[in-house]
Amino acid sequence: MALIFARKDRPSQRTRRVTHMKPSERLIQMALTIATWSSVVALGAVFGELLLGAFPAFTSIDLLGFFTGTVWNPAHPLYPLYGILPLVVGTMLVSFGAALMAIPIGLGCSIWLAELAHPKIKAVFKPAIEILSGIPSVIFGFFALVILSQWIYDLLDPTMKLNALNGAILLAVMMIPIMVTVAEDAMNSVPMNLREASLALGATRWETIRRVVLPSSLSGIVAAIVLSFGRAVGETMTVLMATGNTPVITSDYLRSVQTMTAAIAIDFGEVEFYSVHYHVLFAVGLVLFVMTFAINILADWVVRRYKEDY
Amino acid sequence: MKYLALAVIAIIIVAAVGAVLLTQGDDGGEEETVTITQKGSDTMLELAQIWAESYMDDNANVEVEVSGGGSGTGISALINGEVDVAQASRVMKQTEMDSAVAAGFTPVEFKVAIDGIAIITCQSNTVTELTVEQLRGIYNGTYTNWNQVGGADLDITLYGRQSSSGTYVYFQEEILDDENYSMDMNMLTGNSAIVSAVQGDTGGIGYVGIGYAVSATGISVLELKETDSDPAFSPLDEDSVLNGDYLLARYLYIYTDGTPTDQVSRWLGWIFSADGGQSVVTDVGFYALPQSVVDEEMAKLG
Amino acid sequence: MDRKTKETMVFTAFRGCALLVVLALIVLVGYIASGGLEKLSLDFLTEFPRRANTEGGIYPAIVGTFYLMLIVLGVSVPIGIMSAVYLVEYEQRSVMGRVFKLAVYNLAGVPSIVYGLLGLGIFVVFLGFGASLLSAGLTLSIMVLPLMISAAREAIAAVPQSVCEASFAMGATKWQTIWHHVLPYALPGIFTGIILSISRAAGETAPLMLTGVAVSLRSLPDGVLDSFMALPYHIYFMATQSSNLQATRPIQYATALVLLLLVLGMNLVAIVLRKRYRDKYKW
């Protein structure tokens, strides 16, 4: 995940402009170029495919109703309603709830990791975080469905056993590794001499962290928050299994909601190919893609604009 | 360089194992394997899967692939020629029949089992029986609190199926008299989703095939009565389902695209047989066809 | 309260955060392990499911996941390495380089369900592969491509300039330098990336759901255009759709455990590999 903090572009010492290339070299260069283009093509394909699939929806349903409608009931045989708001609210409820839990814990963890941890403990903890980030989302979802929902049920007596809180908690657990990795990276790139100067001036370690390290690595921390939030918004399996799949507009964490991702996944099982419902699902996918794309660009921009050059 | 060697060896091993496994799949080499594809009702899914397993145990050269999606989805697939057989928990609508004829065939309907749709509530709910009018009122949104139908002061949460479900359609016809469901109903995909939801919601109510209610814990099955003064019947009582006293007793169906082929005929024949398909039916919690019905259906196989 | 006390309090809170995270990991793995251990046996891993998943094993799901990993291996590894080589060695400051970097970066952030839609539209429908191993495998390959590319890039970029310069000084061409001097040193890092990519592909469910993974099959797929089962989807289906949740619960746990062990195992190997490589090549 060190994509953002990857080594800056080296000057072109490595890329000499070669005027005479053997034919075989040229061939290889072409092959490599084609391979690299595949990523661009793939991204374009994602966007294009979504547009293609969603376009018929735009012409056959009330577009304003789509974006502002408060009822999502696309499968109704007589009066289907395609309002995306309940899904957006569901996604936001769960993601923001998760962020509320993940940000303090993730930050606390990163600070501990970057500034306080004993190197030997660090060597164990960092792999542990990596392992956590490698766990498949369906397993988080399974845990939420079977175990966590029961705990919430016993402790808080919710209206419904599968609810937004269930999803938010597990989503927070999934967000934390990303947050920790990126934020810790950012804090580590603050040079030692800044810290030493602060300590030399009589500040305690905490004051040093608070007033020197954190502000200097702020861009990285913000990027960490934004990126992990993007992950939460795009998560499918965990919320599908944990939140109960009921598209409603609510702020009650103890009842079922449905996220955009879950709606697409679940409806696709029964949707009739090329029906209006089918195209509307693509439209939801498009909205989702635009959202996560925007979040990603935002994270990238924050880093570019505010990163301190040491 | 040691790493390079290691990497190459590892990849070769992986590829070799993969190749070996790929060739394992080819064991239907001598006799031609016949595949029957079946799709549709989610209520019938577990039943159909166990039918398929048992049938395939005895018939090594036949492969029966079963999938769900709802009765409507299965019937569509049959009309589009995507599957050989559709399983449905309701009869085909006239519009679907017309589409099939337009596509070039006349579907043949076979009754294969009997279901009693169970109305389930959370185990903690004090209500044990409802009249048809009360059930209708609950599902069309007229009643929103359990204390309006003889229970505690608790909001009613409605759980039902998605619209491609045969159970959804059947329930709408029988109980709602073709009116609309309440807008507040949570449309869940699958019987087990409804069971789970009701288990976890003290005010919940849902409808599922009896096969799903029988094996579930944490829920109660309500008894239904026509009006307040009539006796109430439970879907768990075989007699009341078979002689129609239980109001939501219904047949489960299989549709073929025209007269069934040889292989499909044998499959259906097995389903009708008392020690084949019909014995499995009761294992799963549904009810077996009476002999008179079996004879009728067998005659259609021609 | 004086500054020192404040500091101690705050630091304890931070340590607490770290502890919480470790706790979460232990709880998660612990519950899955304890729930699934009893069902785990050689039979379980080599038998087909029976009685609608209330008995039997998960063999076809394991094989399906394995095949998917194989396809991802075959497709995303070459493309990923080639792209990484290109990005590091050939095109650094140009506009094209930046476009590629941006494309890779954004591909990494696309939600998995959107990849599912992509797979559905392009592989299942447009190219006509249908609901098959190929459609799902190709979709997963695109999904892990950014991962592969960034891991390979890091590994290649870590090889120092001096090696390249020495090679050029001896008269080698660009490609000779890369093939004989850069790639061999980058190989362990690339290998780590491969393992991480495949383990990611093994654990994904959403793309499979849309490209047609099957619920229950009686035979193994005998070609790439055949339908297949997979571990993550098997868990999802049993946990949400099986008719007798009580009866299938032990199998759900056990399947989750198998998937967890598979993915964790691969991740651990990757981590260990990376550590040894870093210790060895302290440039």
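Criteria and thresholds
- Residues numbered from 1 in each chain as written.
- Chains lettered and ligands numbered in written order.
- Predicted model: local features only at pLDDT ≥ 70, side-chain atom pairs only at ≥ 80, totals over all residues.
- Contact = placed C-beta atoms within 7 Å.
- Helix = DSSP H or I, 4+ residues; strand = E, 2+ residues; numbered from the N terminus.
- Nonpolar A, V, L, I, M, F, W, Y, C, P; charged D, E, K, R; others polar.
- Pairing = 2+ DSSP bridges.
- Axes fitted to C-alpha atoms, helices over the stretch in contact; angles between N-to-C directions.
- Expected span 1.5 Å × (residues − 1).
- Buried ≥ 20, exposed ≤ 12 C-beta atoms within 10 Å, placed from the backbone.
- Parallel < 35°, antiparallel > 145°, perpendicular 65-115°, else oblique.
- Right-handed = clockwise from strand over helix to strand, strands pointing away.

**Looking at the interface of chain B and chain A**
Alright, step 1. Counting residues at the interface gives 13 residues for chain B, matched by 14 residues for chain A.
Alright, step 2. In terms of residues, the side of chain B that touches chain A owes the most to one element, strand β8 (residues 186-188) of chain B, which gives three residues.
Alright, step 3. Of the residues that constitute the side of chain B that touches chain A, the class distribution is two nonpolar, ten polar and one charged.

**Some details on the sheet that holds strand β7 (residues 157-161) of chain B**
Residues and elements named next belong to chain B.
Alright, step 1. As summarised here, the arrangement of the five strands in space is β8-β7-β9-β5-β10, forming an open sheet in which the pairing is mixed. Of all strands in the sheet, those bounded by a partner on one side alone are β8 and β10 (219-221). Averaged over all pairs of adjacent strands, the angle between strand axes in this sheet comes to 30 degrees, irrespective of strand direction.
Alright, step 2. Contacts between helix α7 (residues 191-199) and the sheet are confined to β5 (118-122), β7, β8, β9 (204-208) and β10, with β9 contributing the most and set at about 160 degrees to the helix.

**A closer look at helix α4 (residues 95-107) of chain C**
Alright, step 1. The end-to-end C-alpha distance of α4 of chain C, which contains 13 residues, comes to 18 Å, matching closely the 18 Å that a straight helix rising 1.5 Å per residue would cover.
Alright, step 2. F100, K101, A103, V104, Y105, N106 and L107 of chain C are the residues of α4 of chain C that are buried.

**Observations concerning the interface of chain A and chain C**
Alright, step 1. Counting residues at the interface gives 75 residues for chain A, matched by 78 residues for chain C.
Alright, step 2. When residues of the side of chain A that touches chain C are assigned to their parent elements, the largest contribution, 19 residues, is made by helix α1 (residues 23-60) of chain A.
Alright, step 3. When grouped by side-chain class, the residues that make up the side of chain A that touches chain C number 45 nonpolar, 19 polar and eleven charged.

**With respect to unusual backbone geometry**
Alright, step 1. Of note in the backbone geometry, D157 of chain A takes a positive phi value of approximately 50 degrees without being a glycine.
Alright, step 2. Turning to its location among the elements, D157 of chain A is positioned in the loop between α5 (137-156) and α6 (164-188).
Alright, step 3. Accessibility expressed as a C-beta count within 10 Å gives 9 for D157 of chain A, which makes it exposed.
Alright, step 4. The residue D177 of chain B is not glycine, and still its phi comes out positive at about 55 degrees.
Alright, step 5. Within the element layout of this structure, D177 of chain B appears in the loop between α6 (166-174) and β8.

**A closer look at the packing of helix α8 (residues 205-216) of chain A against helix α1 (residues 3-36) of chain C**
Alright, step 1. Taken N-terminus to C-terminus, the directions of α8 of chain A and α1 of chain C make an angle of 70 degrees; their axes are 8 Å apart at the nearest point. As the angle between them shows, α8 of chain A and α1 of chain C are arranged roughly perpendicular. Contact with α8 of chain A, carried on its side by R205, W206 and E207 of chain A, involves R3, K6, E7, V10 and F11 of chain C of α1 of chain C and no other residues of that element.
Alright, step 2. Along the lines of polarity and charge, the residues of the contact of α8 of chain A with α1 of chain C split into three nonpolar, no polar and five charged.

**A few points about the pairing of β7 of chain B**
All names here are of chain B.
Alright, step 1. Of all five residues in β7, five are buried, a share of seventy percent or more.
Alright, step 2. Burial of the side chains of β7 extends over both faces: T157, Y159 and R161 are buried on one face and L158 and G160 on the other.
Alright, step 3. Pairing geometry for β7 and β9, over two bridges, is parallel. If you follow T157 over to β9, its bridge partner there is G204.
Alright, step 4. Bridging between β7 and β8 involves three bridges; their strand directions are parallel. Each residue of the ladder has a partner; that of G160, found in β8, is M187.
Alright, step 5. Of the crossover connections in this fold, the one passing from β7 over α6 to the parallel β8 is right-handed.

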